[in-house]
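What follows is each chain in one-letter form.
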Amino acid sequence: MIIQLEKEISAKTKEEIVRKVSDLKYKITDVKTQKGDYLVGIGKQEFDIRDVGHMPGISDIHIVSDDYKLVSRKWKVNPTTIDLGDGVCIEEGGMAIMAGPCSIEGEEQIDKTINHLKENDVKIMRGGVYKPRSSPYSFRGMGIEGLKLWYKAARSAGIKIITEVMQVSQIEEMLPYVDIFQVGARNTQNFNLLDELGLVDKPVLIKRGISGTINELLSSAEYVFSAGNENLMLCERGIRTYEKASRNTMDINAITILKEKSHLPVIADPSHGIGIRDHVEPVALACIMAGADGVIYETHEKPEEAYSDGQQTLNFRESKKLIDRMRKVFDLRESM
Ligand code: PEP
Ligand code: MN
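Description of the structure in this document. Just so it is clear, the model here is predicted, and its values are computed rather than measured.

Parameters at a glance
Residues numbered from 1 in each chain as written. Chains lettered and ligands numbered in written order. Predicted model: local features only at pLDDT ≥ 70, side-chain atom pairs only at ≥ 80, totals over all residues. Heavy atoms only, no water. Pairing = 2+ DSSP bridges. Helix = DSSP H or I, 4+ residues; strand = E, 2+ residues; numbered from the N terminus. Axes fitted to C-alpha atoms, helices over the stretch in contact; angles between N-to-C directions. Contact = heavy atoms within 4.5 Å. Donors = N, O, S within 2.8 Å, 3.2 Å for Na, K, Ca; no water. Buried < 20%, exposed > 50% of the residue type's maximum accessible area, 1.4 Å probe, protein only. Near = heavy atom within 4 Å. Polar contact = N/O pair within 3.5 Å; in protein donor to acceptor, adjacent residues only side chain to side chain. Areas by Shrake-Rupley, 256 points an atom, 1.4 Å probe, with all protein chains shown as cover. Nonpolar A, V, L, I, M, F, W, Y, C, P; charged D, E, K, R; others polar. Phe/Tyr/Trp six-rings, centres within 6.5 Å; stacked < 30°, edge-to-face > 60°.

## Some points on the sheet that holds strand β3 (residues 37–42)
Move 1: Strand order in this open sheet of 4 strands is β2-β3-β1-β4, and the pairing throughout is antiparallel. Strand pairing shows two members of the sheet lacking a second neighbour, β2 (27–32) and β4 (58–62), which therefore form its edges. Geometrically, the sheet is characterised by an average inter-axis angle of 20° between neighbouring strands, direction not taken into account.
Move 2: Bridging between strand β1 (residues 2–5) and β4 involves 4 bridges; their strand directions are antiparallel. Residue pairing for β4: Q4 is matched across the bridge by D60.
Move 3: Of the strands in this sheet, β1, β2, β3 and β4 are in contact with helix α1 (residues 11–23), which crosses β1 at around 170°.

Okay, structure coming up:
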């Protein structure tokens, strides 16, 4: 059960609601986000929703049987829009493009990428400054100094930044330089990190865990939401299966299922999803047809020289072709 409380509710009125719901044997969690106050009730007993719904102080009430509640479409039918300012929005019925290198490598690379994005009217740049690498001997990112360089160039070009935060201690120093925090696939169930991102006034994109289920991804989003931050996006980036012909198996099913189950924007990452440069485009286009609200992918002037993930990174010519085709497929989808 989810109860949305009226903004100016008195402590006494709230107490009466809590008492009533507790009498129904529901365990109540108080959720305060930047946008609203909720009571989330977990219980099994059947009851007539009108018995609670008529009480003063309640602006909305729903029974949500899913494990996750506040991120469910059963609770909020209207899709969530992520507003990054300056007219840049990520929303249902739109197609956000986020492109850039796997890793931020230096000023020249940043400038070249920004030019490429500007030429193609792409407003959001991706890139990692803290890189989760399978081997500790691989390039692990430029860190906060790289982010500051990137921020300076991106701000003056009107480009927004999405970048991965790997641990709680990085949040504070990254905060002024980030437009979207990315939670990587290896951190989807880092519940301390998710809790802390709930306290942050910046949007968060959560990737699906490498072996994570759709339900687990939604429950991870519920962590951030219930800790206070409603500005969330879900990202399908491929899962590990028995298949060895591709790096991961892009679960296109997940895109349409997530769209049905949640009001949050769903973003596809075909680069990590398949992990092979020549196949990124068809997978990206398929994801758009499946209903993705945006695509995040890797591009680099010279992928063969990229510090990480070069094998799945598009050069700028390939990237331009992808952008043009994604826009065509998006128009087709919306016209159907
Ligand atoms: C990345 O975006 O470069 C990345 C490391 O992604 P993932 O967490 O999906 O592996
Ligand atoms: Mn990568």
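Picking up where we left off.
## Brief notes about the coordination of the manganese ion (ligand 2)
Move 1: For the manganese ion (ligand 2), the full set of protein donor atoms is C102 (SG), H272 (NE2), E298 (OE) and D309 (OD), at a range of 2.0 to 2.4 Å.
Move 2: In primary-sequence terms, the residues that donate to the manganese ion (ligand 2) follow C-x169-H-x25-E-x10-D. One end of the pair, C102, is in the loop between β7 (96–100) and α3 (107–119); the other, H272, is in helix α9 (residues 270–274), with 170 residues separating them in the sequence. Just as C102 is buried, H272 falls in that class too.

## Here we look at the sheet that holds strand β11 (residues 204–207)
Move 1: The strand order around the closed barrel built from 8 strands is β7-β8-β9-β10-β11-β12-β13-β14, with neighbouring strands paired in parallel fashion. Each adjacent strand pair in this sheet contributes to an overall mean axis angle of 25°, direction not counted.
Move 2: Bridge count for β7 against strand β8 (residues 124–126) is 2 bridges, and the pairing is parallel. Directly across from A99, in β8, lies its bridge partner M125.
Move 3: Here helix α4 (residues 143–157) sits on the sheet in contact with β8 and β9 (160–164), set at roughly 160° to β9.

## Description of the site of ligand 1
Move 1: The local shell around ligand 1 holds 13 residues, among which R126, A185, R186, K207 and R237 are the closest.
Move 2: With respect to ligand 1, the side chain of K131 contributes an N or O atom lying 2.9 Å from an oxygen atom.
Move 3: Computed on the free molecule, ligand 1 has an accessible area of 300 Å², of which 97% lies beneath the protein chains in the complex.
Move 4: Its residues assigned to classes, the shell around ligand 1 comprises 3 nonpolar, 3 polar and 7 charged.

## As for the packing of aromatic side chains
Move 1: A complete count under the given rule lists 6 aromatic pairs for this structure.
Move 2: Relative to F47, the ring of Y26 has its centre 5.5 Å away and its plane inclined at 80°; by these criteria the two rings are edge-to-face. Linking Y26 in the loop between α1 and β2 with F47 in the loop between β3 and α2 (49–53), this pair joins segments that are 21 residues apart in sequence. You'll find Y26 and F47 in the same group, each marked buried.
Move 3: Ring geometry for Y38 against W75: centres 6.0 Å apart, planes inclined by 80°, an arrangement best described as edge-to-face. You can see Y38 sitting in strand β3 and its partner W75 sitting in the loop between β4 and β5 (82–83), a full 37 residues away along the chain.
Move 4: When its relative accessible area of 6% is taken as the criterion, W75 is described as buried.
Move 5: An aromatic cluster of three or more residues is present, and its members are Y38, W75 and F225.

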